[in-house]
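Inside the fold
As a plain string of letters, each chain reads:
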Amino acid sequence: MVYGKRKSIALIFLALFLPFLLYSLPAKDIEFLEGKDYFPRVKQLLERAESSIYVVMYEMSYYHEYPLSPSNQLIQELIKAVKRGVKVMVILDVSSYNEKNTKRNREAGKILRKNGVMVRYDSLDIITHTKLLLIDNKYCIVGSHNWTYFGLSKNNEVSVVVESPPLGKEITEWIKEKF
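Remember, it's a predicted structure, so these values are computed and weren't measured experimentally. (Residues numbered from 1 in each chain as written. Predicted model: local features only at pLDDT ≥ 70, side-chain atom pairs only at ≥ 80, totals over all residues. Heavy atoms only, no water.)

1. Structural notes on the overall build of the chain
Check the secondary structure of the chain and you find 6 helices and 7 strands. Buried residues in the chain amount to 49% of all 179 residues. Put simply, of all contacts in the chain between residues at least 6 apart along the chain, 75% involve residues at least 24 apart. Carbon and sulfur atoms form 56% of the exposed surface of the chain, whose accessible area is close to 9,700 Å². (Helix = DSSP H or I, 4+ residues; strand = E, 2+ residues; numbered from the N terminus. Buried < 20%, exposed > 50% of the residue type's maximum accessible area, 1.4 Å probe, protein only. Contact = heavy atoms within 4.5 Å. Areas by Shrake-Rupley, 256 points an atom, 1.4 Å probe, with all protein chains shown as cover.)

Written out as structure tokens, the structure is:
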């Protein structure tokens, strides 16, 4: 029964967003990431990044007590990328109404900044609910995964990886315009 619901949610997601991605801009490849498939694929793409990584994330948590948690590992991959010369920019949500989320994002941002990652926060009056990565201006990862323990390990989440330089260009322009 649960599997059937997950499959239904995944199909709804694909039905709503895949046609937009397929027909709006040319794509070399599109990959569906269900649940726990996200972490290893995104980690692999971060490890292979050569020129740039942009992350726009609603919630990003760093767990000091769990150094090998999935979100910590992704954060560490951003830091490793900077150290090998990749331009990395992270944009996180902060708000006056959700103190818990803001505290987590500021803590993750502090760790990233301390290690050379460019970090920006949205304005307090706007909610950035986006979960988006752009790697090397061609790999776009968009979906529902937050970088938290539950978002990467327990929740029923779906995302897609789209390899498309034209989409990468549009996302870069969107990021520059919004942030």
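2. Observations regarding the nonpolar core
Counting residues in each nonpolar core, the largest one holds 33 residues, and the members touching the most others are Tyr 38, Ile 53, Met 60, Leu 133 and Trp 147. Put simply, the parts of the chain that give this core at least two residues each are helix H2 (38–48), strand E2 (52–57), helix H3 (70–83), strand E3 (87–92), helix H4 (99–114), strand E5 (131–135) and strand E6 (139–143). Discounting residues that sit within four places of it in the chain, Tyr 38 has contacts with Leu 33, Met 57, Leu 74, Leu 133, Ile 141, His 145, Trp 147, Leu 152 and Ser 159. (Core = buried A, V, L, I, M, F, W, Y, C linked by side-chain atoms within 4.5 Å.)

3. Side note on the packing of aromatic side chains
By convention here, two paired aromatic rings are described through the distance between centres and the angle between planes. Under the counting rule described, the total for this entry stands at 2 aromatic pairs. Aromatic side chains Tyr 149 and Phe 150 sit 5.2 Å apart centroid to centroid with 80° between the ring planes, which places their arrangement in the edge-to-face category. Of the residues examined, Tyr 149 reaches a relative accessible area of 34% and is grouped as partly exposed. Ring centres 5.7 Å apart and planes at 80° place the aromatic pair Trp 174 and Phe 179 in the edge-to-face group. The side chain of Arg 106 reaches across the aromatic face of Tyr 121, ending 4.7 Å from its centre. (Phe/Tyr/Trp six-rings, centres within 6.5 Å; stacked < 30°, edge-to-face > 60°. Lys NZ or Arg CZ within 6 Å of the ring centre and 35° of its normal.)

4. Here's the deal with the side chain of Glu 157
Mapping Glu 157 onto the fold places it in the loop between helix H5 (149–153) and strand E7 (158–163). Within the buried set, Glu 157 has no salt-bridge partner at all; the shortest N-O distance to an opposite charge, 6.7 Å, is to Lys 131. Among the polar contacts made by the side chain of Glu 157, one reaches the side chain of Ser 144 at a distance of 2.6 Å. Contacts of Glu 157, omitting those with residues within four sequence positions, involve Leu 33, Glu 34, Gly 35, Ser 144, His 145 and Gly 151. (Lys, Arg positive; Asp, Glu negative; His and termini not counted. Salt bridge = Lys/Arg side-chain N within 4 Å of Asp/Glu carboxyl O. Polar contact = N/O pair within 3.5 Å; in protein donor to acceptor, adjacent residues only side chain to side chain.)

5. A word on H3
Under the 1.5 Å per step criterion, the end-to-end length of H3 is 20 Å for 14 residues, consistent within 8% with the ideal 20 Å. Among all positions in H3, only Pro 70, Ser 71, Asn 72, Leu 74, Ile 75, Glu 77, Leu 78, Ile 79 and Ala 81 are buried. In the core, the buried residues of H3 are packed alongside H2, E2, E3, H4 and H5. Phi turns positive, to about 95°, at Gly 85, one or two residues after H3. (Expected span 1.5 Å × (residues − 1).)

6. Comments concerning unusual backbone geometry
Trans peptide bonds make up the majority, and among non-glycine residues the majority have a negative phi. Phi angles above zero are rare outside glycine, and Asp 136 is one such case at about 55°. Assignment of secondary structure puts Asp 136 in the loop between E5 and E6. Residue Asn 137 is not a glycine yet carries a positive backbone phi of 55°. With respect to the element layout, Asn 137 can be found in the loop between E5 and E6. Classification of Asn 137 by relative accessible area gives partly exposed; the value is 34%.

7. Some words on the pairing of E3
Most of E3 is tucked away, with 5 of its 6 residues classed as buried. Inspection of the sheet shows E2 paired to E3 by 6 bridges, in the parallel sense. Opposite Ser 52, over in E3, you have Lys 87 as the bridge partner. Following the chain from E2 across H3 to the adjacent parallel E3, one finds a crossover that is right-handed. Pairing geometry for E3 and strand E4 (residues 118–121), over 4 bridges, is parallel. Note that in E4 the partner of Leu 92 across the bridge is Tyr 121. (Pairing = 2+ DSSP bridges. Right-handed = clockwise from strand over helix to strand, strands pointing away.)

So far we have only geometry, and geometry alone does not tell us how the molecule works.
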